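So the chains spell out like this:
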Amino acid sequence: MDDDLDSTDDIQLSSLISGKRAPRHPDEDTAGDDVIRRIAIHRPLELETSSSLDIKLEKGRRPRFNRFIKLFVALAAALLIIASLIWRVLPVNREQDNTAGGTMDSSKKDTVEDEPNPPILPDSIHIFYPPKTEPEIEALNAELSKFSDPIVTKEDFFRKTTLPPPPNYPDFTYTSDLHFTSKRTALLFAPGVYEGIDFEVAYYTSVLGLGAKPTDVTFTNCDKGPHVDAINKFTTRPPWGSGLDTFWRSVENIATNAREGMRWAASQAAPLRRVHVQSDLLLFDGDAWASGGVLANAIVDGQVNFGGQQQYLLRNVELKRVAVNGAWSLVFVGCTGETPLENSGFKSGPSISVDNSPKLRIEKPFITMKESGEFELRVPLAAFSQSHGHNDVLGSQFGGEQVRSFTGVKLGVPSTDGADNYLILQKALDEGKDLVLSPGVYPLAASLEVKYPNQVILGLGYATLKAPLNGSPCILVHPKVPGVRIAGIMLEASVLTGTIPSSSLLQWGMPDVDDVGDSKNPGLLSDVFCRVGGASYDRHVSTEVMIQLYSGNIYGDNLWLWRADHVKLHPGEEANFPHISPYYRQTVMGECQVRNGMKVYGQAVTMVGLFIEHTTEDQLIWEGDNGYVAFYQCELPYDVDQSYADKSFVGYRIGPDVKSHTARGTGIYSNFRDFDVNVATAISHPESDGIVMSNLFTVYLDNQGKINSVVNGKGPSAVSESDRGRPFRCSDNACLDDIGS
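To start, this report covers the structure provided alongside it. The numbering scheme is per chain: residues are counted from 1 as the chain's sequence reads. Predicted model: local features are reported for residues with pLDDT of at least 70 only, side-chain atom pairs are reported and counted for 80 or more only, and whole-chain, interface and lining totals are derived from all residues. For side-chain calculations, the full set of non-hydrogen atoms in the structure is used, while hydrogens and water are omitted.

## Things to note about the environment of Phe398
Okay, so step 1: Looking at the element boundaries, Phe398 is found in the loop between strand E23 (383-384) and strand E24 (402-405).
Okay, so step 2: Buried, partly exposed and exposed residues are distinguished by accessible area as a fraction of the type maximum, computed with a 1.4 Å probe on protein chains only: under 20%, between the cut-offs, and over 50%, respectively. By relative accessible area, which is 28% here, Phe398 ends up partly exposed.
Okay, so step 3: Here the alpha-carbon distance between Phe398 and Asn253, two residues 145 residues apart in the chain, equals 9.4 Å.
Okay, so step 4: The contact criterion used is simple: two residues touch if any of their non-hydrogen atoms lie within 4.5 Å. Setting aside residues up to four positions removed in sequence, Phe398 forms contacts with Lys213, Pro214, Arg274, Val275, Asn297, Ala298 and Ile299. Strands here mean DSSP runs of E at least two residues long; helices mean DSSP runs of H or I at least four residues long; both are numbered from the N terminus.

## A few points about helix H5 (residues 134-145)
Okay, so step 1: Take the number of residues in a helix, subtract one, and multiply by 1.5 Å to get its expected span. With 12 residues, H5 extends 17 Å between its outermost C-alpha atoms, agreeing within 8% with the 16 Å of an ideal straight helix rising 1.5 Å per residue.
Okay, so step 2: Those residues of H5 that sit buried are Ile137, Leu140 and Leu144. Angularly, the buried residues of H5 cover 65° about the axis, an arc narrow enough to put them on a single face. Those residues of H5 that are exposed and angled more than 90 degrees off the buried face are Glu134, Pro135 and Glu138.
Okay, so step 3: Elements in contact with the buried residues of H5: strand E1 (125-128), strand E4 (185-189), strand E5 (192-195) and strand E6 (199-200). This arc is built from the directions going out from the helix axis to the C-beta atoms.

## Considerations on the pattern of salt bridges
Okay, so step 1: Any carboxyl oxygen of Asp or Glu that lies within 4 Å of a side-chain nitrogen of Lys or Arg is treated as forming a salt bridge with it. The tally for this structure, following the rule as stated, stands at 43 salt bridges.
Okay, so step 2: For Lys320, the salt bridge is made with Asp301, and the minimal N-O distance between the two is 3.2 Å. Separated by 19 residues along the polypeptide, Lys320 in the loop between strand E16 (311-319) and strand E17 (329-333) and Asp301 in the loop between strand E14 (293-300) and strand E15 (304-305) bring together distant segments of the chain.
Okay, so step 3: According to the relative accessible area criterion, Lys320 is partly exposed, its value standing at 42%.
Okay, so step 4: With its nearest N and O atoms 2.8 Å apart, the salt bridge here joins Arg531 to Glu492. Of this pair, Arg531 sits in strand E34 (residues 523-532) while Glu492 sits in strand E32 (residues 485-492), and the two are 39 residues apart along the sequence.
Okay, so step 5: Residue class for Arg531 comes out buried when judged on its relative accessible area of 1%.
Okay, so step 6: When its relative accessible area of 2% is taken as the criterion, Glu492 is described as buried.
Okay, so step 7: A cluster of three or more residues bridged by salt bridges with shared partners is formed by Glu252, Arg273, Arg315, Arg361, Glu363, Lys364, Asp527 and Asp557.

## Section: the sheet that holds strand E21 (residues 366-369)
Okay, so step 1: Strands are treated as partners if at least two bridges between them are detected by DSSP. Ordered by their spatial adjacency, three strands build an open sheet running E21-E22-E24, and the pairing between neighbours is antiparallel. Looking at which strands have only one partner, the edges of the open sheet turn out to be E21 and E24. Strand-to-strand twist across the sheet, computed as the mean angle between neighbouring axes with direction ignored, equals 35°. To get an axis, a line is fitted to the C-alpha atoms, and for a helix only the part in contact is used. The angle between two axes follows their N-to-C directions and goes from 0 to 180 degrees.

Dropping the structure here:
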């Protein structure tokens, strides 16, 4: 991210009272400052009116009357400004509509101005239409290639050396040049059939179909369609390259029928969602390493091949054929068709964790386009198991969403000014509108506060909210506000100039408000990706915890909470560990500080697909009862010393008062690069019959030290370097059958 984004100042109430304001985005509706603006506009009329009245008064009384009128106007203006500020800043006990789609009370809706529909799209959003002729196909392929990752050809690469290119090298490779770019992109495809279209999906790019169902946008008669190959094939384990750093890209709401199958050799924060793959799905690229991902709400007609993926989650996927391969852990939740049987992974292959009867599912909101060109926001409703009178928790789900017109949706456009971003976006939220954030980076001067039930904040193209400088969260969802949807966004830490108690990037609820949530209308966090460090040249970015959940009945769907283990190099700076990577600086102790990835205090919180990596204390702290986690992937920090272990930090901590908790498919890995660290155990929980965990394991990835047990001091551990990359397992938290795989 560009460093000039770090210079945003906090909003000062004194400047609002004095009538001063930051520059506005040209498209902004400034109704939020009506009080100040009306005074400025109408003051000449008020003075003119007082002058006309003075004509009727005796000459000697005019000065006193003028002073009285001016004093009255000044007092009225001050009272109006103060009332406006109180309305904006303080939580207001407004009457709320808790039904699906309800936001603010109807008496205020009548005074809110509609948003344009179709919306005015910024340059970061591109809409494409089905090509009809060969020249149109060629033109569309050429245009889409502009949005792919940069490439290096074999000829250009080996021209710099005296060695001839090996025969098994590919003709070109995509590179990681855009790994920490501030550029964000959304590629939108109007309904129709796209023949002969092949393109790589680059960093910070979302491919989004605009149909009501995936098959409304179909890529066919193509070799690959939208795809992701391994990157840096000439420099990283050549000729295979790597998928370990292939983050931050996605495909949603399309169908694809590629001759070579759909290749998606990516890792964290790169979901495939709401797709119908009518051929094979290849989640690998040769022998390139990859570290896991998520496929959700999908149909796969061919075979899913995990290749060497370390771990992977399939949620609500209809499998027409048996899936194959995979390294350490595979988790299947709500899947149908050829779903595998539960397997501990002791004998060979990955462990397989299966939940055939989830209690709940909530799908991510998405956008569609009508034939008229108008946009809609579609919000899938929560689906419950048969115990709630429904059985919509299994398999794919296309249809039945609540449809909201874009007249009630604010399309956010980023500014480099944090005050502008906050005022524009918060005004829309206060008006009860939903937010769709166009691709880009949004520094914030204050937290975006969600105060109404069922509101949606949806990011496109990895829209990134950058935390306020005082340590307050990017997003604060007020307690007792059910049905909120936060989806498709990145949250990024800043260099803090002030601190508040327990700084975070997202907070749901309040520590002093008891909020069990609404079991019939839960909240949603979907495709939410936090990071502390990486894109900023300043390595002093920090926060105490990335996500804090005080409210209950929240459903998490694919969250990656990442303390950066590598960061962007300054121009001319050399990598500090070039044997690890010549492209980045490896984070060392004292940089990019964050204590915990997530703290959960609420009751009945569900996480399906949770990744937490490298925080400097406990990675996950779970204090609420009746929690459920399916798929947990965690790496302990690389740069800590033995004091980390001496303080008994772990990868997964369940609080001492928790009576009920369930977890499936939990993997915690060590790679202590800088010091020999010996951690006592990976998982800590109170001894209680209500705590049930299955398919737990640790992996010694590389370097020094190790994790000495799996859970509560029980279970096996690595003993030598020959155990590198080998999972050490317990089938459950009793660890009665603990052996290394």
